[in-house]
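# Structural overview
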Amino acid sequence: MPDPSTSSGSPRAQSRGDWKPEIRARIAALERAADYDDIVEELAQHLEDRYDELVGEGRSEADASRLALEELARDGVLERALRRVEREPIPPQPAIGRPTSGGWWRGLSSDVRDGLRALGAAPGLTLVAVVTLAVGIGANAAIFSVVNAAMLRPLPFADPNRLVSFWGSAPAMGLPVVAYPEGLYDYVRKRNQSFEGVAAYSNPSVTLTGRGEPERLKGAVVTVNFFDVLGRHPQLGRGFVAEEEAQGRNRVAVLGHGLWQRRFGGDARIVGQAISLDGTPLTVVGVMSEGFDFPAHAELWLPLTIDPQSLDCWCFATVGRLRAGGTADSAGREMARLNDDFWRDREGKPRTNPGDPPKSLIIAKPMSRALVGDDQLPLLVLVGAVAMVLLIACANLANLLLVRANARRRELAVRCCLGASPGRIVRQLLVESLLLAAAGAALGLAVAFWGARVLGRRAMDRLPHVQDVPLDPAVLFFTLGITLATVLVFGVAPALRGGRVDLQEAVKDGARTTRAASSRRLAHAFVIAQVALSLVLLVGAGLLLRSLANLLAIDPGFRAENVLVGRVTLPWPEYRDESRTRAFYQELEARVGGLPGVQRVGLSSSAPFSSGNNQQIFSIRGREPQAGQPKLVASVRGVSTGYFQAAGTALLRGRAFETTDTERTDLVAIVDETLARRFWTDGNALGHQVRLGDDGPWRTIVGVAASVRHGDLAAEIDRYVYVPTVQMPSVEMDILVRGAGDPSGLTAGIRRALATLDAAVPLYDVHTIEEVVERSLGPRRLTNALLAAFGLAALVLASLGIYGVMAYSVSLRVNEFGVRLALGATRRDVLALVLRQGVRLVALGVAFGLAAAFGLTRYLEVLLFRVQPVEPLVFGAVVVILALVALGACLVPARRATATNPLETLRAS
Amino acid sequence: MRSTDLKKGSAELLILSLLAREARHGYELCKLIEARSQNAVRFKVASLYPLLYRLERRGWIAGRWVEKAGQRRRRHYRLTSEGRKVLESQRRSWSEFVEGVRRILEPEHA
């Protein structure tokens, strides 16, 4: 180590830039310190400054050099001082560059800032996570809310669990649901032990006249105890009283809230006033509260007058309120017994011999289930789909966060080294995860509210008892909870384990630890699960889409386009005279046929896909069923001469009805192809005779029409018997008008034509056939669209998941790829290596998914139309699509792997 | 003030307060202390730099190499927010100390 005094002997040696050797000599022991070079340079600068100053003061260069070097002090002093600094412990600090004091809450705002910055630094990952959360939370909450409103929420009646509906069923006659006739209802209500009360109701349409335009309303004829049984009472006035069941006392009505507001301006004085219904004056006795529109969106309730002897109208639905402790099953058994008793009392002998199968059954169900009916299954399928999307979303989030946590391991470890406590790091990650969760939850809530509104509107159209679809808070909290818990657990868990990490190991570049391997295994499991769940969803969506395609390809037997339908009901008893009714409709058909833009006009007692469907017993001459054989049932339509052309239904044999068919000529009928082929092998029914009812007149078949579907494209085709309306007049008819183009503009003209015939007759229930056919597909389209959307969401989420995991996996193996490339592997080899790993995961997922799909799709069977639950085409297509998308997701990271620079990776390690 | 003990206790305060307004390099600090104390207090390389490094290690000051056109590359030190807090509290206790000493000395002058 040179002495400053000896150095002074050669002053020029200490000139500018040459101080460093002296300094190095004095602190040689510190040579291995990280900042050694910086220290040497800084001290050299200082000596140079001092030297310049001394020379500037007039000292000789030699003097200046000596004095400058004196600054370094004696041997070892500087070195010892510097070593003491090195040994001094670093005081603990919460995080680098952050204030140490101020308590736990002080750094929170900076944590939020840091968190936002960190999320912004990986915008793709953040976006995917937020969207995943939004879909997971939003879709689940919205669909669960619909299910809840339709299936789980109690009916809007008092103590709804005690309400039971019951009805007859005669499957042998092709009649799954037989409503009660008055006589049977009367018998049951007087004798039953199961119910506190039994109400009956039907829902005819009525015409409100008198004030302004005549208006056709959805009405309800109900027994006087109806409101008591349901436990809902009018908000104004009263319900019906027992005396109002009597003929002559029954000229009273209860108004619905909507009708009261719309037609009567919400005037409370309406109670006690008279209104005119179908020309009959009635007194308003009450107004129901808002939202009550049972049954079937009724707006007006009228008392039902019971005739204990009458079996004329088998048209009453029933609902009973169980006595405390009763069940629907026990009530059903009693109703079945009373049914048998009724017929035995009435006919003097049992209807069936002991041991014979019963002619009819009585079915009793809790009202909530009776009302929801077939809609339950699609809803359950959607719930299942939602649960799967939720699972996929959670798996995806977990994966994203694991990948992210691993990508940040070094950052966290460095912060640990710099003195950040584990608690502080956990808090930082917690804040970050909460920010992510909050963004996802906010978007998810928006999706949930919007989804519940859209779905709710659709559901309310379809399900009569659904009044509204509020977003269910329990469901919302449930989905929020699950997804947010996923974010927090997988966002923070890596940090909790971080405390046990070997910091040195983590900080070193390219570190491999068992921890990375275990989280990679977890990520792989998530990917397999995602692929499997996506496959199940896609298969389900595929099967339903194929069903819909099959349905749309079905020939309904009529041409739906450009046909407008409206309903006309002639008031009773003005049109009691059949000849008057006949003349009215003939004139109407002629006048509407003369309107500009009208191509064809026809009348039918019930147009295709309209609400009515008159079914009657029929028999064929010479083939009447023997006693004990089931009777035959057919859909019966009274139609005008123009009907088949207006509806676009082809006549396959014989002729249509003609103006020469009148009430005075031979009775004729046209049957459809389904009926003709059922009874005549060649389908030639011409010349044979049919009869409607048990004792109607025989009618000769003059034509065979194409089969048509009514109400549901997927349903079995009914047998049809058409009769000329002139030979079977009815006051209520549908008028079908085929226009040259869009027929909706024809309504006004039809109304004018109608008004010139009778100003008191309204045209109502106006729609195009296309509309009602489309509406009949509505729930199916909704289910399909949702399942397809879920399938797509699942596909996107799964491909993101695969991409994330593969990208992460490639980043972990960069070194390995570098070594392989250095040892002579080609880029193609590396590509194959990565793809092989991806293929293995996808193949496993597909295998699990196929197994699950084989097991699950049979639950879809009821929803499928001409598609097998295990349809090879759908399964095959889904596997191919899923495999392609998944491999696409692998390809990007795989290509990145081939871009590895072997030199760089080797140098780094 | 030449006593090493006194200097040691107050040296940190001197450096921190000199860095309170602006960033400075080591030689500048030396000259400022000499000038302001009218040569009563002097630092040499062997005493100044270990002190600077210690303060930096504690996170009270932060050094950074700065290159300005036409000048040498120098390491400038600035006060961190942590250092600012330490300076405040040391200034307070220093004033209290000086005030205490003054009170002890005063009656003898009276």
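Treat the numbers as computed from the prediction; the structure is a model and nothing was measured. (Residues numbered from 1 in each chain as written. Chains lettered and ligands numbered in written order. Predicted model: local features only at pLDDT ≥ 70, side-chain atom pairs only at ≥ 80, totals over all residues. Heavy atoms only, no water.)

## A few points about the overall build of chain A
Each helix and strand counted, chain A has 28 helices and 23 strands in total. Of all 909 residues assigned to chain A, the portion counted as buried reaches 50%. Sequence separation of at least 24 residues holds for 80% of the intrachain contacts in chain A that already meet a minimum separation of 6. When the accessible area of chain A is evaluated, it comes to approximately 41,700 Å², of which 56% is carbon and sulfur surface. (Helix = DSSP H or I, 4+ residues; strand = E, 2+ residues; numbered from the N terminus. Buried < 20%, exposed > 50% of the residue type's maximum accessible area, 1.4 Å probe, protein only. Contact = heavy atoms within 4.5 Å. Areas by Shrake-Rupley, 256 points an atom, 1.4 Å probe, with all protein chains shown as cover.)

## Description of the overall build of chain B
Of the regular secondary structure elements, chain B holds four helices and three strands. Listing every helix and strand of chain B by position from the N terminus yields α-β-α-α-β-β-α. Out of the 110 residues in chain B, the part that is buried amounts to 44%. Of the contacts made within chain B by residues no fewer than 6 positions apart, 50% connect residues no fewer than 24 positions apart. Working note: accessible area of chain B is about 6,700 Å², and carbon and sulfur atoms make up 51% of it.

## Looking at the packing of helix α3 (residues 36–56) of chain A against helix α2 (residues 26–36) of chain B
Running from amino to carboxyl end, α3(A) crosses α2(B) at an angle of 50°, the nearest separation of the two axes being 9 Å. With respect to each other, α3(A) and α2(B) are oriented oblique. For the pair formed by α3(A) and α2(B), the contact residues are A:H46, A:D49, A:R50 and A:E53 on the first element and B:G26, B:Y27, B:C30 and B:K31 on the second. (Axes fitted to C-alpha atoms, helices over the stretch in contact; angles between N-to-C directions. Parallel < 35°, antiparallel > 145°, perpendicular 65-115°, else oblique.)

## Considerations on the confidence of the model for chain A
Residue and element names in this part refer to chain A. Scored by pLDDT, chain A has a mean of 80; 85% of the residues are at 70 or more. Per-residue pLDDT stays below 50 along residues 93–102; that stretch engages in 24 contacts with residues further than four places along the chain or on separate chains. Low confidence marks residues 498–504, where pLDDT is under 50. Its contacts with residues over four positions away, or in another chain, come to five contacts. (pLDDT = per-residue confidence, 0-100.)

## Looking at the interface of chain A and chain B
Between chain A and chain B, the residue contacts involve 32 residues of the former and 26 residues of the latter. Together chain A and chain B conceal approximately 2,600 Å² of surface at their shared face, both sides included; 49% is due to carbon and sulfur atoms. Area buried by chain A at its contact with chain B is led by A:E42, A:H46 and A:E88, which between them contribute 24% of it. Applying the counting rule to chain A against chain B returns four salt bridges. Linking B:R74 and A:D49 is a salt bridge whose minimum nitrogen-to-oxygen distance equals 2.6 Å. At the surface where chain A touches chain B, the tally comes to 10 residue pairs in polar contact (both at pLDDT 80 or more). Those elements that provide at least two residues to the side of chain A that touches chain B are α3 and α5 (77–87) of chain A. A per-element tally of the side of chain A that touches chain B places α3(A) first, with 13 residues. Broken down by class, the residue content of the side of chain A that touches chain B amounts to 13 nonpolar, five polar and 14 charged. (Buried area = accessible area lost by both parts, 1.4 Å probe. Salt bridge = Lys/Arg side-chain N within 4 Å of Asp/Glu carboxyl O. Polar contact = N/O pair within 3.5 Å; in protein donor to acceptor, adjacent residues only side chain to side chain. Nonpolar A, V, L, I, M, F, W, Y, C, P; charged D, E, K, R; others polar.)

## Examining the pattern of salt bridges
Tallied over the entire structure, the rule returns 37 salt bridges over all chains. Across the salt bridge formed by A:D661 and A:R655, the nearest N and O atoms sit 2.8 Å from each other. The partner of B:R58 in a salt bridge is B:E12, with the nearest N and O atoms 3.1 Å apart. Note that B:R58 is positioned in the loop between α3 (45–57) and β2 (61–66) and B:E12 in helix α1 (residues 4–18), a separation of 46 residues in sequence. Taken individually, B:R58 and B:E12 each receive the classification buried, so the pair is uniform in this respect. When salt bridges that share partners are traced, they join A:R50, A:E53, B:K31 and B:E34 into one network.

## Some thoughts on the side chain of A:R738
Residue and element names in this part refer to chain A. Within the element layout of this structure, R738 appears in strand β22 (residues 732–739). Although R738 is buried, it forms no salt bridge, and the closest oppositely charged side chain is E561 at an N-O distance of 4.6 Å. A distance of 2.7 Å separates the side chain of R738 from the backbone oxygen of R559, its partner in a polar contact. What R738 contacts, discounting residues up to four positions off in sequence, is R559, E561, N562, V563, G597, V598, Q599, R600, Q645, A646, A647 and G648. (Lys, Arg positive; Asp, Glu negative; His and termini not counted.)

## Comments concerning the packing of aromatic side chains
Following the criterion strictly, the structure yields 26 aromatic pairs over all chains and no others. Centroid distance A:F166 to A:F195: 5.6 Å. Interplanar angle 20°. Geometry classified as stacked. Taken together, the residues A:F166 in strand β1 (residues 163–170) and A:F195 in strand β3 (residues 195–202) connect sequence positions 29 residues apart. Considered together, A:F166 and A:F195 belong to a single accessibility category, that of buried residues. Aromatic rings pair up to connect A:F157, A:Y201, A:F226, A:F227, A:F240, A:F292, A:F294 and A:W301 into one cluster. The side chain of A:R191 reaches across the aromatic face of A:Y187, ending 3.8 Å from its centre. Between the NZ or CZ atom of B:R58 and the centre of the ring of B:W60, over which it lies, the distance is 5.0 Å. (Phe/Tyr/Trp six-rings, centres within 6.5 Å; stacked < 30°, edge-to-face > 60°. Lys NZ or Arg CZ within 6 Å of the ring centre and 35° of its normal.)

## Topic: the side chain of A:N250
All names here are of chain A. Note on placement: N250 falls in the loop between β6 (236–237) and β7 (252–255). Taking the relative accessible area as the measure of exposure, N250 reaches 15% and is therefore buried. When residues no more than four places from it in sequence are discounted, the contact partners of N250 are E244, L282, P303 and T305.

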